[in-house]
Amino acid sequence: MSDTTPTSRKKQEFEHTLDASDKNVAQFEPKSRNIFDSVQHFLHGNPTMVPVIVLICSIVIFGLVAGPKFFSPFNLSLILQQVAVIGILAAAQSLVILTAGIDLSVGAIMVLMSVIMGQLAITLGLPAPIAIFLGFVGGIAAGLLNGFLVTRIKLPPFIVTLGTWNIFFALNLWLSGAQSIRSQTLDEIAPLLKFFGESLAIGTARVTYGSILMLAVFAVLWYILNHTSWGRHVYAIGDDKEAAELSGIRTNRTLIMVYGLAGLVCGVAAWASIGRVGSVSPQSFQEANLQSITAVVIGGISLFGGRGSIIGPLIGALIVGVFNSGLRLAGVDVLWQVFAIGWLTIIAVAIDQWIRKVSA
């Protein structure tokens, strides 16, 4: 039996090329982080820390500039009173912005619902609790209208809410006849509408029920967004709607619920606004939409959606209140107060853009 010699296979051309190629394995040296990279990574993982740091710095600076008057219990409680309504509106705005949308109609919904509550209670003579409840229902309906147009008609949120802002504002003037309901009339017929304007005396501080309501609204929304599956769906939609759909989330239904909940929060703000103003005024809170967006942006919620804590806009609203109070006590003209808030908003957006560029 003869030995079988295996035939040698002739190498193909590409194999000759491979033999001559470099066989070293690619290696990547870890990039050393400087102080700015470390801060950027920290803020990326903790976006709420930006407004917290700004708030603390603002309190310290204005405390030094304005003197002991700034730290008086009365002034601090006054700041809470002044930001209560805008803070609640910022909570409603945050829900929409977390989904990568925007709602330009929150202020108009609030004023319209306050007019509806006043007209039902004063003009039609309905009991105040029923008028308030119907105002809440109206807020939900207005929010659902926005949600329907965004999800079913597939219109951009900016265009939809810009249009409904005009619609709600026109309805507001039509229902009210551009006339306010005076404080004395509310006291006689429906004092419950002014409930959130009343206050508790804690030493020299005056804490209104409206301020407590604002904190309660943020606490409830914080729990919903952080401890329910629906809240996680909201963040997922804002981060990447297509990916959320592929993962099984019913994005359209969730978005409609977001706008409906935002409308309900606007209804709550409407009740608080009557107490804050002391009357039902169709001309009040003309800049509420922009102020709510300002609080959200300063509070660290990304305008691109999917990132940020609901507590951030509360801090953002407080920052605006601290700036206004500190500059006023320092004798700065109102014009420059608005100037400062404008720059603060631009800086907040710039910081958000910088944080989003963090490298892994």
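These notes cover the structure that comes with them. (Residues numbered from 1 in each chain as written. Predicted model: local features only at pLDDT ≥ 70, side-chain atom pairs only at ≥ 80, totals over all residues. Heavy atoms only, no water.)

## Topic: the overall build of the protein chain
Let me state the cut-off plainly: For the purposes of this entry, the term helix denotes a DSSP run of H or I that reaches at least four residues, the term strand denotes a run of E that reaches at least two, and both are numbered from the N terminus. Note on contacts: a residue pair qualifies if any of its non-hydrogen atoms lie within 4.5 Å across the two residues.
Tallying secondary structure elements over the protein chain gives 15 helices and two strands in all. For the protein chain, long-range pairs separated by at least 24 residues make up 75% of all intrachain contacts whose partners lie at least 6 apart in sequence.

## Quick notes on a positive patch on the surface
Inclusion rule: What goes into a patch is any residue over 30% in relative accessible area without a salt bridge, connected to like charges within 9 Å or, for nonpolar side chains (Val, Leu, Ile, Met, Phe, Trp, Tyr), within 5 Å. For the accessible areas, the method is Shrake-Rupley and the probe is 1.4 Å, while residue cover comes only from the protein chains on display. By convention in these notes, a salt bridge is any Lys or Arg side-chain nitrogen within 4 Å of a carboxyl oxygen on Asp or Glu. By the counting rule applied here, Lys and Arg register as positive and Asp and Glu as negative, while His and the ends of each chain are not counted. Every charge is mapped to an atom, namely NZ of Lys, CZ of Arg, CG of Asp or CD of Glu.
On the surface, a cluster of positive charge is contributed by Arg152, Lys154, Arg250 and Arg253. By secondary structure assignment, the location of arginine 253 is in helix α12 (residues 251–277).

## With respect to the environment of serine 247
Put simply, the rule is: Three exposure classes are used, based on accessible area relative to the maximum for each residue type with a 1.4 Å probe and protein chains only: buried under 20%, partly exposed in between, and exposed over 50%.
Relative to the helices and strands, serine 247 is located in the loop between α11 (241–246) and α12. Taking relative accessible area as the criterion, serine 247 reaches 53% and is therefore assigned exposed. As a C-alpha pair, serine 247 and alanine 236 span 11 residues in sequence and 9.7 Å in three-dimensional space.

## Thoughts on helix α13 (residues 288–298)
α13 sits mainly inside the fold: nine of its 11 residues count as buried. Of the positions making up α13, those classed as buried are Ala288, Asn289, Ser292, Ile293, Thr294, Ala295, Val296, Val297 and Ile298. Two residues or fewer after α13 comes glycine 300, characterised by a positive phi angle close to 95 degrees.

## Let's talk about the pattern of salt bridges
The final tally for this structure, using the stated rule, is one salt bridge. Among the ionic pairs, lysine 194 bridges to aspartate 187, the shortest N-O distance being 3.0 Å. Note on lysine 194: relative accessible area 16%, which makes it buried. Residue classification places aspartate 187 among the partly exposed positions, given a relative accessible area of 43%.

## A few points about the packing of aromatic side chains
Formally: For Phe, Tyr and Trp, where Trp contributes only its six-membered ring, two rings pair if their centres lie within 6.5 Å, and the inter-plane angle classes them as stacked under 30 degrees, edge-to-face over 60, or tilted in between.
Throughout the structure, instances matching the rule amount to nine aromatic pairs. Measuring from centroid to centroid gives 6.2 Å for phenylalanine 136 and tryptophan 271, while their planes differ by 55 degrees, and the two rings are tilted. Of this pair, phenylalanine 136 sits in helix α6 (residues 128–151) while tryptophan 271 sits in helix α12, and the two are 135 residues apart along the sequence. We classify tryptophan 271 as buried; its relative accessible area is 15%. Each ring, one from tryptophan 336 and one from phenylalanine 339, has its centre 5.2 Å from the other, and the planes form 75 degrees; the classification is edge-to-face. Of this pair, tryptophan 336 and phenylalanine 339 both sit in helix α15 (residues 334–356), three residues apart, which is roughly one turn of the helix. For tryptophan 336, a relative accessible area of 45% puts it in the partly exposed group. Each member of the aromatic cluster is reached from another via a ring pair, and the members are Phe136, Phe195, Phe196, Tyr209 and Trp271.

## Describing the packing of α6 against α12
Heads up, the condition is: Helix axes are fitted to C-alpha atoms over the stretch in contact, other axes to C-alpha atoms as well, and angles between N-to-C directions run from 0 to 180 degrees. Handedness of a helix crossing follows the sense of rotation of the near helix relative to the far helix, less than a right angle counterclockwise being left-handed and clockwise being right-handed. Basically, the charged four are Asp, Glu, Lys and Arg, the nonpolar ten are Ala, Val, Leu, Ile, Met, Phe, Trp, Tyr, Cys and Pro, and anything else, Gly included, counts as polar.
Between α6 and α12, whose axes approach to 7 Å, the crossing angle comes to 145 degrees. Considering only the axes of α6 and α12, their crossing is right-handed. Contacts between α6 and α12 involve Ile132, Gly135, Phe136, Gly139, Ile140, Gly143, Leu144, Asn146, Gly147, Phe148, Val150 and Thr151 on the former and, on the latter, Asn252, Leu255, Ile256, Tyr259, Gly260, Gly263, Leu264, Gly267, Val268 and Trp271. Classifying every residue of the contact of α6 with α12 by side-chain character gives 12 nonpolar, 10 polar and no charged.

## As for the pairing of strand β1 (residues 199–202)
Filter applied, for reference: For two strands to count as paired, DSSP must find a minimum of two bridges between them.
The sheet contact formed by β1 and strand β2 (residues 205–208) spans four bridges and is antiparallel. Bridging from a neighbouring strand, leucine 200 pairs with valine 207 of β2. Hairpin connection of β1 to β2: two residues between the antiparallel strands, including glycine 203 at a positive phi of 65 degrees.

## A closer look at the packing of helix α4 (residues 73–97) against α13
Just so we agree on the cut-off: In what follows, roughly perpendicular refers to angles from 65 to 115 degrees, roughly parallel to angles under 35, roughly antiparallel to angles over 145, and oblique to any angle outside these ranges.
Between α4 and α13, whose axes approach to 8 Å, the crossing angle comes to 70 degrees. Overall, the two elements α4 and α13 adopt an arrangement that is roughly perpendicular. Of the two elements, α4 crosses α13, and the hand of that crossing is right-handed. Along the contact surface, α4 presents Ile86, Leu89, Ala90, Gln93, Ser94 and Ile97, while α13 presents Ala288, Asn289, Gln291, Ser292, Ile293, Ala295 and Val296. Here the residues of the contact of α4 with α13 are counted per class, giving eight nonpolar, five polar and no charged.

## Concerning unusual backbone geometry
Residues other than glycine predominantly adopt negative phi, and peptide bonds predominantly adopt the trans conformation. With a phi close to 70 degrees, alanine 100 is a non-glycine residue in the positive phi region. Note on placement: alanine 100 falls in the loop between α4 and α5 (106–123). Since its relative accessible area comes to 42%, alanine 100 is described here as partly exposed. Phi at phenylalanine 285 is positive, roughly 55 degrees, even though this residue is not glycine. Its relative accessible area of 23% is what places phenylalanine 285 among the partly exposed residues.

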